[in-house]
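Topology and contacts: notes
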4 protein chains.
Amino acid sequence: MRILMDERGKKYIARDEEFHTNFGFITKEDMENGKPGDILKTHLGHEFKVLKANINDYIDLMERKCSIILPKDIGIITAFTGMGSGDRVIDAGTGAGATALHFGNIVGKEGEVNSYEIREDFTEIAKRNVENFGLENVHIKCKDITEGIEEKDVDVIFLDLPRPWDVVEHAKEALKIGGYIATYAPYIEQVQVLHKVLKKFGFSDLNTVECNLREIEVKAKGTRPKTRAVGHTGYLTFARNL
Amino acid sequence: MRILMDERGKKYIARDEEFHTNFGFITKEDMENGKPGDILKTHLGHEFKVLKANINDYIDLMERKCSIILPKDIGIITAFTGMGSGDRVIDAGTGAGATALHFGNIVGKEGEVNSYEIREDFTEIAKRNVENFGLENVHIKCKDITEGIEEKDVDVIFLDLPRPWDVVEHAKEALKIGGYIATYAPYIEQVQVLHKVLKKFGFSDLNTVECNLREIEVKAKGTRPKTRAVGHTGYLTFARNL
Amino acid sequence: MRILMDERGKKYIARDEEFHTNFGFITKEDMENGKPGDILKTHLGHEFKVLKANINDYIDLMERKCSIILPKDIGIITAFTGMGSGDRVIDAGTGAGATALHFGNIVGKEGEVNSYEIREDFTEIAKRNVENFGLENVHIKCKDITEGIEEKDVDVIFLDLPRPWDVVEHAKEALKIGGYIATYAPYIEQVQVLHKVLKKFGFSDLNTVECNLREIEVKAKGTRPKTRAVGHTGYLTFARNL
Amino acid sequence: MRILMDERGKKYIARDEEFHTNFGFITKEDMENGKPGDILKTHLGHEFKVLKANINDYIDLMERKCSIILPKDIGIITAFTGMGSGDRVIDAGTGAGATALHFGNIVGKEGEVNSYEIREDFTEIAKRNVENFGLENVHIKCKDITEGIEEKDVDVIFLDLPRPWDVVEHAKEALKIGGYIATYAPYIEQVQVLHKVLKKFGFSDLNTVECNLREIEVKAKGTRPKTRAVGHTGYLTFARNL
Ligand SMILES: C[S@@+](CC[C@H](N)C(=O)[O-])C[C@H]1O[C@@H](n2cnc3c(N)ncnc32)[C@H](O)[C@@H]1O
Ligand SMILES: C[S@@+](CC[C@H](N)C(=O)[O-])C[C@H]1O[C@@H](n2cnc3c(N)ncnc32)[C@H](O)[C@@H]1O
Ligand SMILES: C[S@@+](CC[C@H](N)C(=O)[O-])C[C@H]1O[C@@H](n2cnc3c(N)ncnc32)[C@H](O)[C@@H]1O
Ligand SMILES: C[S@@+](CC[C@H](N)C(=O)[O-])C[C@H]1O[C@@H](n2cnc3c(N)ncnc32)[C@H](O)[C@@H]1O
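Nothing here was measured: the structure is a model prediction, and the numbers come from that model.

Residues and elements named next belong to chain B. Near ligand 2 you find 22 residues, and of these I69, T99, E117, D144 and D160 are the closest. Taking I145, its main chain carries an N or O atom lying 3.1 Å from a nitrogen atom of ligand 2. Residue composition of the shell around ligand 2, by class: ten nonpolar, seven polar and five charged.

Here it is as structure tokens:
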């Protein structure tokens, strides 16, 4: 996948077709041949730079009709579970597919992500998003994950849905010994129920965290954390099948 | 790689050799044959469970004589740079190799991590750590990275050393268009110098953050953030070669 | 001072004069006689409750043309300096007088606040604000505080101006043994200069903090920190004349 | 009240009696006559400086057998309620009296603090602490506050006890129109119950916050937040009798 960037830094998904913008158009041929680092010119002479698409660029640009988990939380999930190349991962619900894409990007061709989504419309959007990014290891299924997980011998199960506790028993069966369940939940009441159910089904090393990111402004005027901040996204809970 | 876990949850690196503990010993044969999920018994009848080693388990147990970056910060680095399977990554300084291992775990066989360490003793420790974990895509070099980066067409360059700005010019040349430089630095003065140098060499999208993780206690007595917290580790600065 | 609160909770400063609102008017007589707890009715039958003005109510409603320090930071300043009834306090710059009012409210009739403001227009606004609230122990002066502090034997000196270090030498002379200097500054560079100058003039117990307040939402849907937060206001630096 | 400070900065409560230390003794006469700023010498020639006692100095040195609320939280309580000179305040439970002393220090001679403590031993300790500091406006009562609040027309009621909701109905009756109830509670479950009960008894403007203070290290080596931090003390909940 490639991205085009205009003169002001705005980014666009690059496809193998004529590209129309406010700055003029770029020919199909140029679009097909542009390699990362190349500069493509519109018929009006404006320049667009070709970049190799980074997963974050793509997620920012892709179609989505539901909220997605921020990179800060994705990072905590992948680092705390030790997710790596070759891992087998379950993701639910898919939503527009941001977490599925992030995980697919990490586990690579030797790994696999199976992502469950209960709604058909979201399943379609997510499938398109995965296909356009070109990941073949991410499979989107239109299924209610509370009815069961079809995969076995899984390394990580990530849940971002209102009642993650309904999936804990299935998760226990699907996970490898040593595997992780990870959940994202905005409310502390969800965390409380989850802990009870995780303990009931014998999960170990329960750990709930929240990640507060602060951005620092480094300007000529001076250095300081930014005035505005995100106060809360969700609590991340981890547990292990030991 | 496999891990052994005793009855109290303490973990040990599993090797193909007789294993001696306070709870008795396990035979070489049992050690060689134990698969994740198996229970191995010592001659005194104590049980040890075999687990597939997770990267975090391993880093906790491996030899290290220098400080390592916490998983919270590793997660922000990998998520913000969009590091994934197949990526080519530079890491410096290696230290005991924790960041190199994390990156190697993510980029997989189709990717590659080259990690520079100026000190010979640390280079040796890190090489052993990488070899023992079994990653073949991570290469540790005993080199001063301020003298140059040998690789080209790199996706991510991560720097955890006192004067990251000395590497910015080399980073610019080594990175792909669209690639990221990421640095970890405890002091705000380092961030200030870095921003100047990053701008001087034409990097874009400068972004400095700090990640404050809070652990939540969910107990019978009640739910609350833990009393003790890590107040600061380091500032993470990202910039892009656009 | 009294406050009027309408049926939706909106507050207004109560004066001894006819009071006109979108809900009709209240007579001068009613306005003069209304005591905290009374309900005053407009000629259209709408109700306004009389409250004893709290300092925070008043500051929210008073005239101001410059930024004011938030209650969270006011609280840290007064608690860390141990400000109390009878204390003699210096405040600069006055701005609209929010800090001066808070301090005046605490030090009471036996104490005194002298507040310095370089701009005439702000001095006038602040004087009106102080007079309207009815504090006789707060004196606003139109003076550049870098030219000297006229008072001696002072308990606390609070500085909220761009170059607080220019006042450190004067502060040293004006403070009691055991007295505190406290400053508010948005940029870390200001804190760095300040520390150097505070040490140069023999101040002790230097302490810089930032106060991050998080608001918690307790709703039927669930409990969680609010999504939006203030990421930074200013660094608070304290030092003592020992 | 006065404080003595030795050559290393360690502080001691100064009484009108001979003072014995590791550095020798100071005569009763010198102790009686020492004024803030004076240097008193021991018979061995060591110097002790006399300071006017700040409330924080005193609370650090006084007898206490129970936990006390940190200055950061005291500050939020006093600033958010707008506590000032002349206010009538209720405090419960007293514990060693730290909050009662802070409030007494602010409300001054024209104000009054009534503090309720259920345990006789703590009541005695707190009474001694108040008397030694010399505050005549703080009254410690050995009473269970859940059985009723004797005072009326109160500006602020502060509760630091396990079941603050048991006091809400009494608080409603004791408070002025416009007055505040403020509570400190470590667990989120306490906050949840409290909100229900506060609403039931008609309190307005419910607001729960937590105050996270970060200390900044400004050293020759560099500037950074301190590594260690307090992760949580208690949630502060405010509501108003409107
Ligand atoms: C917030 S979205 C997930 C977003 C996704 N994690 C991301 O960051 O891109 C939650 C999704 O879960 C789906 N969902 C809810 N319950 C489900 C269930 N039982 N099985 C599968 N999907 C479910 C919803 O339809 C919704 O699309
Ligand atoms: C804090 S450690 C790195 C730890 C590592 N990132 C981790 O988390 O495991 C910093 C290392 O950088 C090395 N170093 C310092 N300057 C260097 C240079 N110019 N080139 C290569 N290594 C360097 C030091 O010897 C030290 O081992
Ligand atoms: C941010 S405002 C103060 C706000 C005030 N602390 C509050 O919270 O209400 C800063 C004020 O300092 C004043 N100022 C700047 N330099 C000054 C000086 N040297 N002497 C007195 N006032 C000064 C400015 O005119 C401005 O009104
Ligand atoms: C944590 S301490 C208060 C500390 C105090 N706020 C301070 O910061 O110094 C709580 C106190 O509440 C007292 N207490 C508990 N229930 C009480 C009740 N119903 N009435 C009065 N005091 C009570 C306990 O005995 C204990 O001393």
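Residue and element names in this part refer to chain C. The strand order across the open sheet formed by four strands is β2-β1-β6-β5, and the pairing between neighbours is antiparallel. Each edge of the sheet is formed by a strand with only one pairing partner; in this case those strands are β2 (11–14) and β5 (39–41). Looking at each pair of strands side by side, their axes are set apart by 35° on average, direction ignored. Relative to strand β6 (residues 47–52), β5 runs antiparallel, the two being bridged by three bridges.

Once that is clear, we can look at the relation of the copies chain D and chain C. Overlaying chain D on chain C yields an RMSD of 0.1 Å, the required transformation being a rotation through 180° with an accompanying axial translation of 0.0 Å. Expressed as a symmetry operation, the mapping of one chain copy onto the other fits a two-fold axis. Distance from the rotation axis, computed per C-alpha, reaches its smallest value in chain D at G75 of chain D: 1.9 Å. Of all interface residues in chain D, 100% are interface residues in chain C too; the two copies therefore contact each other through one and the same surface.

All names here are of chain D. In the neighbourhood of ligand 4, 22 residues make up the surrounding shell, with I69, E117, F122, D144 and D160 lying closest. Between ligand 4 and T99, the relevant distance is 3.0 Å, taken from a nitrogen atom to a side-chain nitrogen or oxygen of the residue. I118 places a polar main-chain atom, nitrogen or oxygen, 3.1 Å from a nitrogen atom of ligand 4. Bound to the protein, ligand 4 loses 87% of the 610 Å² it would expose on its own. For the shell around ligand 4, the per-class residue count stands at ten nonpolar, seven polar and five charged.

Taken domain by domain, chain A holds domain 1 (2–53) and domain 2 (62–240). Its C-alpha centre places domain 1 of chain A at a distance of 33 Å from the equivalent point of domain 2 of chain A.

Residues and elements named next belong to chain D. Taken across its six residues, strand β8 (residues 112–117) has five buried, putting it largely inside the fold. The sheet contact formed by strand β7 (residues 88–92) and β8 spans five bridges and is parallel. Its bridge partner lying in β8, D91 is registered against S115. Handedness of the crossover joining β7 and β8 through helix α4 (residues 98–107): right-handed. In the sheet, β8 pairs with strand β9 (residues 138–142) via five bridges, with the strands oriented parallel. Bridge pairing links S115 to I140 in β9. With respect to chirality, the unit in which β8 leads through helix α5 (residues 120–133) into the neighbouring parallel β9 is right-handed.

In this fold, N129 of chain B is placed in helix α5 (residues 120–133). In this structure the side chain of N129 of chain B is engaged in a polar contact, spanning 3.0 Å, whose partner is the backbone oxygen of A96 of chain B.

The two chain copies are related to each other by a rotation about an axis together with a translation along it. For the pair chain B and chain A, the superposition axis carries a translation of 0.0 Å, the fit reaches an RMSD of 0.0 Å, and the rotation angle comes to 180°. A shared binding surface is used by both copies, with 100% of the interface residues of chain B retained as interface residues in chain A.

Residue and element names in this part refer to chain A. Following the UniProt record, the feature "binding site: S-adenosyl-L-methionine" (unreviewed entry) maps to E117, D144 and D160 here. Of the residues just listed, which span 44 residues, no C-alpha pair is farther apart than 12.9 Å, and they cluster in one region. Turning to its location among the elements, E117 is positioned in strand β8 (residues 112–117). Overall, the relative accessible area of 7% leaves E117 in the buried class. Looking at E117, its side chain comes within polar contact range of the main-chain nitrogen of R119, at 3.0 Å. Given the relative accessible area of 25%, D144 is considered partly exposed.

So, on to the sheet that holds strand β1 (residues 2–5) of chain A. Residues and elements named next belong to chain A. Strand order in the open sheet made by the four strands is β2-β1-β6-β5, with antiparallel pairing throughout. In this open sheet, the two strands that pair with only one neighbour each are β2 (11–14) and β5 (39–41). Adjacent strand axes in the sheet meet at a mean angle of 35° when their direction is disregarded.

With that settled, consider the side chain of D73 of chain D. Residue and element names in this part refer to chain D. Examined against the element boundaries, D73 turns out to sit in helix α3 (residues 71–81). A relative accessible area of 0% places D73 in the buried class. Those residues in contact with D73 that sit more than four places away from it in its chain are Y184, C211, T233 and L236.

Time to look at the interface of chain B and chain A. On the chain A side, the residues contacting the 57 residues of chain B number 57 residues. Between chain B and chain A the total buried area reaches about 4,200 Å² when both faces are included, carbon and sulfur atoms providing 54% of it. Ranking the residues of chain B by area buried against chain A places I177, I216 and V218 of chain B at the top, with a combined share of 12%. At the junction of chain B and chain A, the tally comes to twelve salt bridges. Put simply, chain B and chain A have 25 residue pairs in polar contact (both at pLDDT 80 or more) between them.

Turning our eyes to something else, we now look at α5 of chain B. Owing to its 3.6 residues per turn, the α-helix aligns residues three or four sequence positions apart on the same side. Residue and element names in this part refer to chain B. With 14 residues, α5 should cover 20 Å at 1.5 Å per step; its first-to-last C-alpha distance of 20 Å lies within 8% of that length. For α5, the set of buried residues is F122, T123, I125, A126, N129, V130 and F133. One side of α5 carries all its buried residues, which in axial view fall inside an arc of 165°. Pointing more than 90 degrees away from the buried face of α5 are the exposed residues E120 and E131.

Turning our attention to the packing of helix α3 (residues 71–81) of chain C against α3 of chain D. Close contact between α3 of chain C and α3 of chain D brings their axes to 7 Å; oriented N to C, the two are set at 120°. Accordingly, the angle class assigned to the pair α3 of chain C and α3 of chain D is oblique. Crossing hand, α3 of chain C versus α3 of chain D: right-handed. In this structure, α3 of chain C uses P71, K72, G75, I76, T78, A79 and F80 of chain C to contact α3 of chain D, whose residues at the interface are P71, K72, G75, I76, T78, A79 and F80 of chain D.

Okay, the nonpolar core next. When a protein is soluble and globular, its nonpolar side chains tend to lie buried together. Residues I76, L101 and F238 of chain A together with I76 and L101 of chain B are the most contacted members of the largest nonpolar core, which totals 82 residues. Non-local contacts of L101 of chain A, meaning those with residues more than four positions away in its chain, are made with I55, Y58, I59, M62, N129, V130, F133 and L135 of chain A. V156 of chain C together with I69, L135 and L213 of chain D belong to the second-largest nonpolar core, a separate cluster that totals 81 residues.

This part is about the pattern of salt bridges. Counted under the stated rule, the structure contains 84 salt bridges over all chains. Linking K72 of chain C and D73 of chain C is a salt bridge whose minimum nitrogen-to-oxygen distance equals 3.1 Å. For K109 of chain D, the salt bridge is made with E110 of chain C, and the minimal N-O distance between the two is 3.7 Å. Pair noted here: K109 of chain D is in the loop between α4 and β8 and E110 of chain C is in the loop between α4 (98–107) and β8 (112–117), and the two residues belong to different chains. For K109 of chain D, a relative accessible area of 69% corresponds to the exposed category.

Definitions and cut-offs
Residues numbered from 1 in each chain as written. Chains lettered and ligands numbered in written order. Predicted model: local features only at pLDDT ≥ 70, side-chain atom pairs only at ≥ 80, totals over all residues. Heavy atoms only, no water. Near = heavy atom within 4 Å. Polar contact = N/O pair within 3.5 Å; in protein donor to acceptor, adjacent residues only side chain to side chain. Nonpolar A, V, L, I, M, F, W, Y, C, P; charged D, E, K, R; others polar. Pairing = 2+ DSSP bridges. Helix = DSSP H or I, 4+ residues; strand = E, 2+ residues; numbered from the N terminus. Axes fitted to C-alpha atoms, helices over the stretch in contact; angles between N-to-C directions. Least-squares fit on C-alpha atoms with pLDDT ≥ 70 in both. Contact = heavy atoms within 4.5 Å. Areas by Shrake-Rupley, 256 points an atom, 1.4 Å probe, with all protein chains shown as cover. Domains from an automatic or database assignment. Buried < 20%, exposed > 50% of the residue type's maximum accessible area, 1.4 Å probe, protein only. Right-handed = clockwise from strand over helix to strand, strands pointing away. UniProt positions renumbered as here; feature names shortened; annotations may be inferred. Buried area = accessible area lost by both parts, 1.4 Å probe. Salt bridge = Lys/Arg side-chain N within 4 Å of Asp/Glu carboxyl O. Expected span 1.5 Å × (residues − 1). Arc of directions from axis to C-beta. Parallel < 35°, antiparallel > 145°, perpendicular 65-115°, else oblique. Left-handed = near helix turned anticlockwise from the far one by under 90°. Core = buried A, V, L, I, M, F, W, Y, C linked by side-chain atoms within 4.5 Å.

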